[in-house]
Amino acid sequence: MNITLIGTGAIYSKYNNACTLINDDILIDVPNGILKTLLRNNHIPEKIDKILITHLHGDHTADIPFLLMYLYKNKKVERNTYIIGPKGIENKVKQLCQIYHYHFLEKIDSYIQYRELKPNEILENTYKIQSFPVLHGKEKPAYGYIIDDKLGLTGDCAFCEGVQTIVKNSEITIADCSRIQGDESHMGIDNLSFLAKEYHKTLIATHMKDETREELENLKIANILVKEDGYKFEL
Ligand SMILES: [Zn+2]
Ligand SMILES: [Zn+2]
C-alpha cells in the first residue's frame, strides 16, 4: 500500500487540510483546493475511483464537486466512482453541486455509486474498509477507518473509544492532532502521546494547527511522526 499525505493541516493553517491518497485510487477526504494540489504534484486524479469521507464538515468535502467535474470532463467517471462515507454523504454531494451552481451531476449520476456506511461496518471491495464511530463535538456521524487491517485513519476526532480501537488494530494510524491539548472535538499532543505509549504504535499527526506542528517538532515524541504535505510511505 502506497500512502501519500496530501494535506496535514487544520483549516487555519498554511498547510493543506487533512487528506490522504492511497495507491492513487482512493482519496480520503476532499478538502478545499485539493484537486489543484493533486495536479500540481503530478498525481493523476483520473485514477481515483473511490472517495472515502470521514464526516461532512466543509474542510473534508469542499472540493468534491470540482473533483467530480474533473473526472466528468476527462470522461473517467464512466468507470464508476464510489463515494463512501457516513449517512448523509449522498445528499451532501448533491447539495454542494447545487450550491456551487454546477449542474453536471445529473449527467453522471448513473456512474456515481454512493455507499453510506453504518457504524462498525466492514466494506470489502478493492480494499477492506472498516468504519468506527468517533467523537467529534456535535458532528454526527463522524467516522475513523481501518483500511486493509493495517492503516488507521482517525478522521477528525476527540479522544474516544473509537480512536483507541483504531490505533490498537492498525500498524500505523494517521491521527487528528489539531490541538496542543485535546478537547471534545479534536485530539491534542497529550492524547497522541498517550495512544503511542499505551498501544506501542506509530502515529502520524495530521489536521495540525501550525502552532501544534511547531510544538510537536520541538518535543520529538517517540512514535509520533510530524510530516510535511506530500510525504509518502509504504505499508
Ligand atoms: Zn470536522
Ligand atoms: Zn476538519
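Residues numbered from 1 in each chain as written. Chains lettered and ligands numbered in written order. Predicted model: local features only at pLDDT ≥ 70, side-chain atom pairs only at ≥ 80, totals over all residues. Heavy atoms only, no water.

Caption draft 1: A look at empty space enclosed by the protein. The full count for this structure, using the stated rule, is one cavity of 30 Å³ or more. When its volume is computed, the largest cavity comes out at roughly 120 Å³. Contributing to the lining of the largest cavity are 15 residues, with Ala18, Asp29, Leu153, Gly155 and Thr206 lying nearest its centre. Mapped onto the lining of the largest cavity, the elements with two or more residues apiece are strand 2 (19-22) and strand 11 (172-176). Looking at the lining of the largest cavity, the element that brings in the most residues is strand 11, giving three residues. Here the residues of the lining of the largest cavity sort into six nonpolar, six polar and three charged. (1 Å grid on protein atoms, 1.4 Å probe; cavity = no way out; pocket = protein on both sides within 12 Å on 5 of 7 lines; lining within 4 Å. Points joined across faces, edges and corners; volume = space filled by probe spheres on them. Helix = DSSP H or I, 4+ residues; strand = E, 2+ residues; numbered from the N terminus. Nonpolar A, V, L, I, M, F, W, Y, C, P; charged D, E, K, R; others polar.)

Caption draft 2: Structural context of the coordination of the zinc ion (ligand 1). In this structure, His55 (NE2), His57 (ND1), His136 (NE2) and Asp156 (OD) serve as the protein donors to the zinc ion (ligand 1), at separations of 2.1 to 2.4 Å. With four donor atoms in place around the zinc ion (ligand 1) and angles of 91 to 168° between them, the coordination shape is irregular. Of note, the zinc ion (ligand 1) draws all its donor residues from one chain, in the sequence arrangement H-x1-H-x78-H-x19-D. The two metals, the zinc ion (ligand 1) and the zinc ion (ligand 2), are separated by 3.4 Å and share Asp156 as a common coordinating residue. Of this pair, His57 sits in the loop between strand 4 (50-52) and helix 2 (64-73) while His136 sits in the loop between strand 8 (128-133) and strand 9 (143-147), and the two are 79 residues apart along the sequence. (Donors = N, O, S within 2.8 Å, 3.2 Å for Na, K, Ca; no water. Tetrahedral: all angles 85-135°; square planar, octahedral: opposite > 155°, others 65-115°.)

Caption draft 3: Molecular detail of the packing of helix 5 (residues 161-168) against helix 6 (residues 189-199). Running from N to C, helix 5 and helix 6 cross one another at 45°; their axes reach a closest spacing of 10 Å. Here helix 6 runs oblique to helix 5, going by the angle between their axes. As helix 5 packs across helix 6, the resulting crossing turns out to be right-handed. In this structure, helix 5 contributes Val163, Gln164, Val167 and Lys168 to the contact, and helix 6 contributes Phe194, Leu195 and Tyr199. Grouping the constituent residues of the contact of helix 5 with helix 6 by class yields five nonpolar, one polar and one charged. (Axes fitted to C-alpha atoms, helices over the stretch in contact; angles between N-to-C directions. Parallel < 35°, antiparallel > 145°, perpendicular 65-115°, else oblique. Left-handed = near helix turned anticlockwise from the far one by under 90°. Contact = heavy atoms within 4.5 Å.)

Caption draft 4: Looking closely at the packing of helix 2 against helix 3 (residues 89-99). Two numbers describe how helix 2 lies on helix 3: the axes approach to 9 Å, and their chain directions differ by 80°. Relative to helix 3, helix 2 is oriented roughly perpendicular. Contact residues: helix 2 offers Ile64, Pro65 and Leu68, while helix 3 offers Ile89, Val93, Leu96 and Cys97.

Caption draft 5: Just the packing of aromatic side chains, in detail. Overall, the coordinates contain six aromatic pairs when judged by the stated rule. With a centroid separation of 5.9 Å and an interplanar angle of 70°, the aromatic rings of Phe66 and Tyr102 are classed as edge-to-face. With a gap of 36 residues between them, Phe66 in helix 2 and Tyr102 in the loop between helix 3 and helix 4 (105-108) connect regions that are remote in the sequence. Between the aromatic rings of Tyr231 and Phe233, the centroid separation amounts to 5.9 Å while the plane-to-plane angle is 25°, which identifies the pairing as stacked. Residue Tyr231 is classed as partly exposed on the basis of its relative accessible area of 28%. One aromatic cluster is present, formed by Phe66, Tyr100 and Tyr102 through successive ring pairs. (Phe/Tyr/Trp six-rings, centres within 6.5 Å; stacked < 30°, edge-to-face > 60°. Buried < 20%, exposed > 50% of the residue type's maximum accessible area, 1.4 Å probe, protein only.)

Caption draft 6: Spotlight on unusual backbone geometry. A cis amide bond links Lys140 to the next residue, Pro141, at an omega of -10°. Mapped onto the elements of the fold, Pro141 is located in the loop between strand 8 and strand 9. Here Asn80, not a glycine, exhibits a phi torsion of approximately 85°, which is positive. By the secondary structure assignment, Asn80 is in the loop between helix 2 and strand 5 (81-86).

Caption draft 7: Structural detail: the sheet that holds strand 8. Strand order across the open sheet formed by seven strands is 7-8-9-10-11-12-13, with mixed pairing between neighbours. This sheet does not close on itself; its edge strands, each paired only once, are strand 7 (122-124) and strand 13 (224-225). (Pairing = 2+ DSSP bridges.)

Caption draft 8: Quick peek at the coordination of the zinc ion (ligand 2). With distances of 2.1 Å, the protein atoms coordinating the zinc ion (ligand 2) are Asp59 (OD), His60 (NE2), Asp156 (OD) and His207 (NE2). Viewed at the metal, the four donor atoms of the zinc ion (ligand 2) are separated by angles of 90 to 167°, and the geometry they form is irregular. Sequence positions of the residues that donate to the zinc ion (ligand 2) give the spacing D-H-x95-D-x50-H. Residue classification places His207 among the buried residues on the basis of a relative accessible area of 4%.

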